[in-house]
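# Chain and residue survey
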Amino acid sequence: MAKLGKKARKFAKKNLQSVLRHKRKTNSMFKKKASKRKQQDAVEDHEGDKLDLSSERKPEVQDIGDISLDALLGGDCSDLGEDDSDSDGYLEVSTNAFEADMDDKTYLGEDGDVTALSVQNKDIDSELVEKKKKLDKLKEKDPGFCKFLENNDERVHQLSDEEMFSDDEEASGNDTQTVGESLNSSKLKLITASTINVLCQEATELQNVSALTSLLNCYRAACHYGSESSGFPDGTAVYKIQNKEVYSTILAFMLCEADKMFRNLLGISCSNCKKETILDMKNTSKWKTTKPLMKSYLRSTLFLLNQVTDSKILVFSLTQLRASIICFAGFPSLLHRLIKISIHLWATGDETLSSHAFLVVRDVAFLYGNDWFDICLIRTYKAFIGHCKFLEPGMFNHIKFLRNSIVELCSMDLQKSSSKALVSLQQLAKILQSALQTKNKEAVKKICSWQFANCIDLWVEFVSSNIHDYDLQPLLYTIIQIVNGVAHLFLGPRYLPLRIKCIQWLNHLSCCCGIFIPVGSFATDILEYKVGKVGGKPGKDFNFSTSVRLPKHWLKSQNFQEQCVSSAIELLCTHFDHWSYHISFPELATVPLIRLRKFYETTTNEVFRRLVKRLIDQVELNVDFVRKKRDEVAFSPKDQQSVESFLQCEKSSGNASFKQYYESIIQKSVSQNLFTSEKFR
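The rules we used
Within each chain, residues carry numbers counting from 1 in the order of the written sequence. For a predicted model such as this one, the threshold for reporting local features is a pLDDT of at least 70, and the threshold for listing and counting side-chain atom pairs is 80 or more; totals across whole chains, interfaces and linings nevertheless cover every residue. The side-chain figures draw on all heavy atoms in the structure; neither hydrogens nor water molecules are used. UniProt positions are given in the numbering used here, feature names are shortened, and annotations may be inferred rather than shown by experiment. Counting from the N terminus, the helices are the DSSP runs of H or I reaching at least four residues and the strands are the DSSP runs of E reaching at least two. Expected span, for any helix, means 1.5 Å times one less than how many residues it has. N or O atoms within 3.5 Å of each other form a polar contact, as long as, within protein, one can give a hydrogen and the other can take it, and as long as residues adjacent in sequence are counted only when both atoms are side-chain atoms. We count a salt bridge whenever a side-chain nitrogen from Lys or Arg sits within 4 Å of a carboxyl oxygen from Asp or Glu. Burial classification: accessible surface area is computed with a 1.4 Å probe over protein chains only, and a residue below 20% of its type maximum counts as buried, one above 50% as exposed, and the rest as partly exposed. Orientation is described by axes fitted as lines to C-alpha atoms, over the contacting stretch for helices, and by angles from 0 to 180 degrees between their N-to-C directions. Comment on the angle field: the value is read as roughly parallel under 35 degrees, roughly antiparallel over 145, roughly perpendicular from 65 to 115, and oblique elsewhere. With the far helix as reference, a near helix turned anticlockwise by less than a right angle produces a left-handed crossing, and one turned clockwise produces a right-handed crossing. We call two residues in contact whenever any of their non-hydrogen atoms come within 4.5 Å of each other. Three classes are used: nonpolar for Ala, Val, Leu, Ile, Met, Phe, Trp, Tyr, Cys and Pro, charged for Asp, Glu, Lys and Arg, and polar for all others, with Gly counted as polar. Definition of nonpolar core: a set of buried residues of the types Ala, Val, Leu, Ile, Met, Phe, Trp, Tyr and Cys, connected through side-chain atoms within 4.5 Å. Only residues above 30% relative accessible area that lack a salt bridge enter a patch, with like-charged residues linked at up to 9 Å and the nonpolar side chains Val, Leu, Ile, Met, Phe, Trp and Tyr linked at up to 5 Å. Only the protein chains shown count as covering a residue, and every accessible area follows the Shrake-Rupley method with a 1.4 Å probe. Both site types are read off a 1 Å grid over the protein atoms alone. A 1.4 Å probe that fits but cannot get out defines a cavity, while an open set with protein on both sides within 12 Å along at least five of seven lines defines a pocket; lining residues have an atom within 4 Å of a point. Grid points are joined across faces, edges and corners, and a volume is the space filled by probe spheres set on the points.

Going by the annotation in an unreviewed UniProt entry, the name recorded for the protein is Nucleolar complex protein 2 homolog isoform X2, with Rhodamnia argentea given as the source organism. Per its UniProt entry, the protein bears the Subcellular location (unreviewed entry) comment "Nucleus". The Sequence similarities (unreviewed entry) field of the UniProt record for the protein holds the comment "Belongs to the NOC2 family."

If you want it as structure tokens, here you go:
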């Protein structure tokens, strides 16, 4: 058998299930504590791992395969294990069980620690074993008596099988307490409209805990409808919903009224309730009475969100569940599940569903803070990276919404978010550094992707939105380095879309942060792309906005030449517009004007010459305007305050010739993009 190659061994080592299974076994069996010397070396390596793209010394490049974009923020937020003390089955109904005060020793702790209840269970088990031994001895001594007991037991089961819920006069005339008990006494529970109406009236008006328990059992059956047999784990009862109207009534009532009923049982107000309010009530009898009811409702609702595909039901459920988010304080494992489901709906749902799911995630991050904020941020980031690998025309608005959602979430805690963003940007810089130094195909392919581009776009938007509220200068410097590096890495005409994105990012940072970034040379480089003959044939239809690299056949078409000229003019106009009122505009526009005149003299296409000539004229007019105003001032260039206030009155009016020209260019670009997106939709 031939020996496997290096890449094959590496793939097998990372991906084969047998290898991973063996790793899990060995890791759990042989966990050795690292020596102090190794720990010190690891700390030194971590401190020395700093971003330095411009350093002359070339450090050892990390294997690009070990860096994953969807794990940039560290920390795998796996779900916490569910509490073994609380079953996911139906609740037992007893009119006295929930009304009586319960001792502190009748429940397991929230962390799953063994309490007095487990000791009682052991005693009960030992008693049952002793009684079973006595019954076995009784069978040997008196077999006739045992047959008598078996015959009576069969008659009891036959009588219980005949009891069902129905819509007859007997059901409506029963006492309210009898209704709650009969719902759990029979083997087949038929849930009818009259039964639900009576239970709803009991639970809301009389605050009957037994009726609420029966409603929660019906609600669980509705949430699990179609996914399993709606019965107790031991098969003693099966719940059956009569029709779709009853199904809708149960869901609507519980989602709308459950939170109010739980708050009434706990004695807390609907407003100004914090997580500490719930945590402080953990040792009270009210909490011990309400805890199983509340957990049954929350788990059933989460199961519904995870199973239902109808967008309207999901939106309604999320909207109503937002009022009960504070109730998750007593159930950390359910809060993990809520975050996981909400983020999935946020990333994959339509516009309305996605926005409502994000509101749930934002409320969790705001109300719980600290570690829960980190969990929400890490999971939303990973979901965003996982869903932006490919971009289609219909996904533009959704990806933009996901990006803006993460920026809004990050803005809630800028200190934590900035540290996470810096870690992410450092990992991106490692990938870029590897590509610049080694020209590694895998690294270049990873950079030239929508996943990498959307990751940069996210942090560009974050820095631009919050630069004035928090010190984000380290992030700003790092991200400018990365964007410049990507622009220098892909100089060929095939990477025109990615190069345009880089210039747009730099323009956006310059405009929002108020710093000068020289992008004129990047924009004028686009004019010098010459692949095919001038005036070539129109190419095949190609969606320029959904790709980061152009096909080879499109480079020789007239469409490519038109795209180069229009993109360069638009990018230069955006750059000039931001600095058109600055006192240094004449010097800023000198080099771009020289290159524009050169292109105007060399090109033979009259359409291109006319477009470029108009841009040159507008820039020269603005240069003359600024120079004239600058000659009239009497302050020195060292007077920073006077320099910043230069032409601010004219800027606020917005009547300059170049401003109007820029607005016409942008309006034309927007209409062209709309036409293209509608064409390829």
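## Quick word on helix α18 (residues 414-438)
With 25 residues, α18 ought to run about 36 Å at 1.5 Å a step, and its terminal C-alpha atoms sit 35 Å apart, in line with that. The first or second residue beyond α18 is K439, which carries a positive phi of 55°.

## A closer look at the side chain of S417
Checked against the element boundaries, S417 lands in helix α18. At a separation of 2.8 Å, a polar atom in the side chain of S417 contacts the main-chain carbonyl oxygen of D413.

## Let's talk about the pattern of salt bridges
All chains considered together, the criterion is met by 13 salt bridges. For R595, the salt bridge is made with D525, and the minimal N-O distance between the two is 2.7 Å. With R595 in helix α27 (residues 590-602) and D525 in helix α23 (residues 520-527), this pair connects stretches of sequence that are 70 residues apart. With relative accessibility at 22%, the residue R595 sits in the partly exposed group. Judged by its relative accessible area of 23%, D525 is partly exposed. Notably, a salt bridge pairs E587 with R630, separated by 3.1 Å at the nearest N-O pair. Residue E587 is found in helix α26 (residues 585-588), and its partner R630 is found in helix α28 (residues 606-632); the two are separated by 43 residues along the sequence. When its relative accessible area of 49% is taken as the criterion, E587 is described as partly exposed. Note on R630: relative accessible area 23%, which makes it partly exposed. By sharing partners, the salt bridges in this structure join R499, D525, E528 and R595 into a single network.

## Focus: the packing of helix α22 (residues 496-513) against α23
Orientation of α22 relative to α23, taken along the N-to-C sense of each, is 155°, at an axis distance of 10 Å. On the basis of the axis angle, α22 is roughly antiparallel to α23. Of the two elements, α22 crosses α23, and the hand of that crossing is left-handed. When α22 is examined against α23, the residues L496, R499, I500, I503 and L506 are found in contact with a partner set consisting of F522, A523, D525 and I526. Here the contact of α22 with α23 is composed, by residue class, of 7 nonpolar, no polar and 2 charged.

## Re the environment of T284
Here T284 is to be found in the loop between α11 (275-280) and α12 (285-307). For the pair T284 and L266, spaced 18 residues apart in the sequence, the C-alpha separation amounts to 9.5 Å. At 2.6 Å, the side chain of T284 forms a polar contact with the backbone oxygen of M281.

## Side note on the packing of helix α14 (residues 332-348) against helix α17 (residues 396-410)
Axis separation between α14 and α17 bottoms out at 9 Å; the angle between their running directions is 140°. As judged from the angle between their axes, α14 and α17 are oblique. For the pair formed by α14 and α17, the contact residues are W346, A347 and T348 on the first element and H398, F401, L402, S405 and I406 on the second. The residue makeup of the contact of α14 with α17, split by class, is 5 nonpolar, 3 polar and no charged.

## What about the nonpolar core?
Residues W346, W459, F462 and V486 are the most contacted members of the largest nonpolar core, which totals 173 residues. For W459, the contacting residues outside a window of four places in its chain are Y381, C410, A421, S424, L425 and I479.

## Observations concerning a nonpolar patch on the surface
Residues F366, L367 and M412 make up a contiguous nonpolar surface patch of roughly 290 Å² in combined accessible area. Within the secondary structure layout, F366 lies in helix α15 (residues 351-368). By relative accessible area, which is 63% here, F366 ends up exposed.

## Section: empty space enclosed by the protein
Applying the stated criterion across every chain, the model contains 1 cavity of 30 Å³ or more. Around the largest cavity sit N507, S510, C511, T574, H575, H578 and W579, which together line it. Elements represented by at least two residues in the lining of the largest cavity include exactly α22 and α25 (558-579). Classifying every residue of the lining of the largest cavity by side-chain character gives 2 nonpolar, 5 polar and no charged.

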